[in-house]
Amino acid sequence: MALIATCATTAFAADPEPDAVVKTKSIAARIFLDDGIKADAALAADCLAEGKKWLDKNATEAAAARKQDPQFFKEGGWDFERKYSIRSVVADRYVSILRNDYMNTHGAHPNSDVNTILWDKADNKRISIRPFFAETADNGATMKAMVKAVIASLKIAKKKRDAGETATDEWFKSVEPRLLRIGAVTLAPSTEAGKSSGLTFHYPPYAVGPYAEGEYVAFVPWETLKPYLTAEGARIFGGARPKGDADEPQ
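What this report covers is the structure whose coordinates are included nearby. Remember, it's a predicted structure, so these values are computed and weren't measured experimentally.

A word on the nonpolar core. Within the largest apolar cluster, 33 residues are counted, with the highest numbers of intra-cluster contacts made by L199 and F201. Residue assignment for this core shows that the elements contributing at least two residues are α3 (141-160), β7 (184-188), β8 (198-203), β9 (216-221) and α5 (222-225). The element that contributes the greatest number of residues to this core is α3, accounting for 7 residues. When residues no more than four places from it in sequence are discounted, the contact partners of L199 are I129, F133, M146, V185, T186, L187, A218, F219, V220, L225 and F237. In terms of nonpolar packing, the next biggest core, distinct from the first, is built from 25 residues, I27, A29, I37 and L43 among them.

Right, dumping it as structure tokens:
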């Protein structure tokens, strides 16, 4: 079974080649890095190492599932894909990356997930948003302010989708005032070059709403967080969120 069917006579550009592949009777899985990531050797190596671990883990699980329930693999194996893409580069140092996963295990419907990476080009390593805030203690003032702003943003997004009935505390209970529980975060791009307009939090299906509502993105403008910034935070934040960024779920 071919991973992707292509035709030499097609007028369209060829699909990009995956940067890592696992292909067995149980699974077809691929990793893609965008060109910006591949231009940075250290960042590309980091993402690819993580991606290959993900491939190996899912290949092992698929093989075990096929051995236990071969009838579920009569139409073919599982189909998995992970894409790493740059969302923003701030101060020519901080690179925000979206990690989007697609998973089809022949269930009721395919699933998707989203996570993020914040990369420090100066030190060639992953970091959190801690350096930009004076304190990020669990249930502290900064995290409580973030949660309040995130939920306000999500309520607006749900209203736009006519999904106000799920804009409830029950659906938002997973958004906690803890750095590791508030949601996957990126530095939003800005109308001011080299700056970030604030934080965007990315939620996969099921995280803050039912599957049918899909992914949500909550935006917290930097002005809301201004009282909590460190000197480095004050240096990198500024400007406004570009209109195109606000119009599209990223």
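Applying the stated rule across the entire model yields 21 salt bridges. Put simply, R87 and D245 hold a salt bridge, and the shortest N to O gap is 2.7 Å. Here the residue R87 occupies a position in strand β3 (residues 78-90), and D245 occupies one in helix α7 (residues 243-247), the gap between them amounting to 158 residues. For D245, a relative accessible area of 5% translates into the label buried. For R93, the salt bridge identified is with D123, shortest N-O distance 3.8 Å. Here R93 is found in the loop between β3 and β4 (94-104), whereas its partner D123 is found in the loop between β5 (111-120) and β6 (125-127), with 30 residues between them in sequence. Among the residues examined, R93 registers a relative accessible area of 25% and is labelled partly exposed. Each of D46, E50, R82, R99, D101 and R126 takes part in salt bridges that share partners, so that together they form one network.

What follows concerns the packing of aromatic side chains. Under the defined criterion, the tally for this structure stands at 6 aromatic pairs. Pairing W78 with F80 gives two aromatic rings, centres 5.9 Å apart and planes at 20°, and the pair type is stacked. An identical accessibility class is assigned to W78 and F80; each is buried. When the ring of F132 is compared with that of F237, the centres are 6.3 Å apart and the planes differ by 85°; the resulting orientation is edge-to-face. A residue pair is termed long-range when its members are at least 10 positions apart, and F132 in the loop between β6 and α3 and F237 in the loop between α6 (231-236) and α7 qualify at 105 residues. Residue class for F237 comes out buried when judged on its relative accessible area of 4%. Three or more aromatic residues joined by ring pairs form one cluster here, namely W54, F73, W78 and F80. The residue whose ring lies beneath K83 is F32, and the NZ or CZ to ring-centre distance is 5.9 Å.

Let's shift gears to unusual backbone geometry. Phi at D92 is positive, roughly 55°, even though this residue is not glycine. Along the chain, D92 falls in the loop between β3 and β4. Look at H106: it is not a glycine, yet its phi comes out positive at around 65°. On the secondary structure map, H106 appears in the loop between β4 and β5. Exposure remark for H106: the relative accessible area of 36% places this residue in the partly exposed category.

Let us now look at helix α2 (residues 41-68). Taking 1.5 Å of rise per residue, 28 residues should cover 40 Å, and α2 covers 40 Å from first to last C-alpha, within 8% of that figure. Those residues of α2 not exposed but buried are L43, A44, C47, L48, G51, W54, L55, N58, A59, A62 and A65. Sitting at the head of α2, D40 places a side-chain oxygen 3.2 Å from the backbone nitrogen of A42.

Taking 1.5 Å of rise per residue, 20 residues should cover 28 Å, and α3 covers 29 Å from first to last C-alpha, within 8% of that figure. Three or more residues of α3 are buried, namely T142, M143, A145, M146, V147, A149, V150, S153, L154, A157 and K158. Considering only its buried residues, α3 is in contact with α4 (169-172), β8, β9 and α5. Just beyond α3, the residue with positive phi is D162, at close to 55°.

How each quantity is defined
Residues numbered from 1 in each chain as written. Predicted model: local features only at pLDDT ≥ 70, side-chain atom pairs only at ≥ 80, totals over all residues. Heavy atoms only, no water. Core = buried A, V, L, I, M, F, W, Y, C linked by side-chain atoms within 4.5 Å. Buried < 20%, exposed > 50% of the residue type's maximum accessible area, 1.4 Å probe, protein only. Helix = DSSP H or I, 4+ residues; strand = E, 2+ residues; numbered from the N terminus. Contact = heavy atoms within 4.5 Å. Salt bridge = Lys/Arg side-chain N within 4 Å of Asp/Glu carboxyl O. Phe/Tyr/Trp six-rings, centres within 6.5 Å; stacked < 30°, edge-to-face > 60°. Lys NZ or Arg CZ within 6 Å of the ring centre and 35° of its normal. Expected span 1.5 Å × (residues − 1). Polar contact = N/O pair within 3.5 Å; in protein donor to acceptor, adjacent residues only side chain to side chain.

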